[in-house]
Amino acid sequence: MVDEQTDPQGARGMTAEEQHDAECQFTRKLLCGMIQQAVEDLRSEKVFMSKQLNAHQEIDRDTALHFIRSKAFQGICDVLSLPADKIKTKALKYESRD
């Protein structure tokens, strides 16, 4: 038996399986977005006129570096079947440019 939800106007909603799939897809996109943002933060070579904006960018770089080197990153990549070593290598090649 399929559990189907309807909204108050009687429109067909998602089944429990469709809801689960949608939630999994959302979570995957969110985690992939986090990884992509961390790589972009490490690649950024912007220099701002504002000391404050430069300081914020440095914080973003430090946070991204910490994330890429973390066990959490490795675990996320394992669960999502992503190539952690390739991502890490790509991201960290920008880290040592100072």
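Residues numbered from 1 in each chain as written. Predicted model: local features only at pLDDT ≥ 70, side-chain atom pairs only at ≥ 80, totals over all residues. Heavy atoms only, no water.

**Q** Please clarify how the pattern of salt bridges should be interpreted in this entry.
**A** Opposite charge on two side chains permits them to pair, given that their charged atoms come into close proximity. For the structure on display, the rule yields two salt bridges. As a salt-bridge pair, R43 and E40 come within 3.4 Å of each other at their nearest N and O atoms. Of the two residues, R43 and E40 are both situated in helix 1 (residues 16-43); the distance of three residues between them amounts to about one turn of the helix. One salt bridge connects R61 with E58, and the closest N-O pair in it is separated by 4.0 Å. With R61 and E58 both in helix 2 (residues 51-68) and three residues apart, the pair spans about one turn of that helix. Owing to a relative accessible area of 36%, E58 belongs among the partly exposed residues under this scheme. (Salt bridge = Lys/Arg side-chain N within 4 Å of Asp/Glu carboxyl O. Helix = DSSP H or I, 4+ residues; strand = E, 2+ residues; numbered from the N terminus. Buried < 20%, exposed > 50% of the residue type's maximum accessible area, 1.4 Å probe, protein only.)

**Q** I'm lost on a nonpolar patch on the surface in this one. Help?
**A** A grouping of F26, L30 and M34 is seen on the molecular surface, where their side chains present a nonpolar patch of about 310 Å² in accessible area. With respect to the helices, strands and loops of the structure, M34 is situated in helix 1. (Patch = residues over 30% accessible without salt bridge, like charges linked within 9 Å, V, L, I, M, F, W, Y side chains within 5 Å. Areas by Shrake-Rupley, 256 points an atom, 1.4 Å probe, with all protein chains shown as cover.)

**Q** For this particular structure, what's the right way to read the packing of aromatic side chains?
**A** One pair of aromatic rings is described through two measures. These are the centre distance and the angle between the planes. Considering all chains together, one arrives at one aromatic pair under this definition. Consider the rings of F67 and F73, whose centres lie 5.7 Å apart with planes at 80 degrees: the pair is edge-to-face. (Phe/Tyr/Trp six-rings, centres within 6.5 Å; stacked < 30°, edge-to-face > 60°.)

**Q** Would you explain the packing of helix 3 (residues 71-80) against helix 4 (residues 84-92) in this entry?
**A** When two helices pack together, their arrangement is given by the angle between their axes and by how far apart the axes lie. One way to put it is that helix 3 packs onto helix 4 with a least axis distance of 9 Å and a crossing angle of 135 degrees. If you check the angle between helix 3 and helix 4, you find them oblique. Across from F73, Q74 and C77 in helix 3, the residues of helix 4 making contact are A84, I87 and K88. Of the residues belonging to the contact of helix 3 with helix 4, the class tally is four nonpolar, one polar and one charged. (Axes fitted to C-alpha atoms, helices over the stretch in contact; angles between N-to-C directions. Parallel < 35°, antiparallel > 145°, perpendicular 65-115°, else oblique. Contact = heavy atoms within 4.5 Å. Nonpolar A, V, L, I, M, F, W, Y, C, P; charged D, E, K, R; others polar.)

Just geometry here; none of it tells us what the structure is for.
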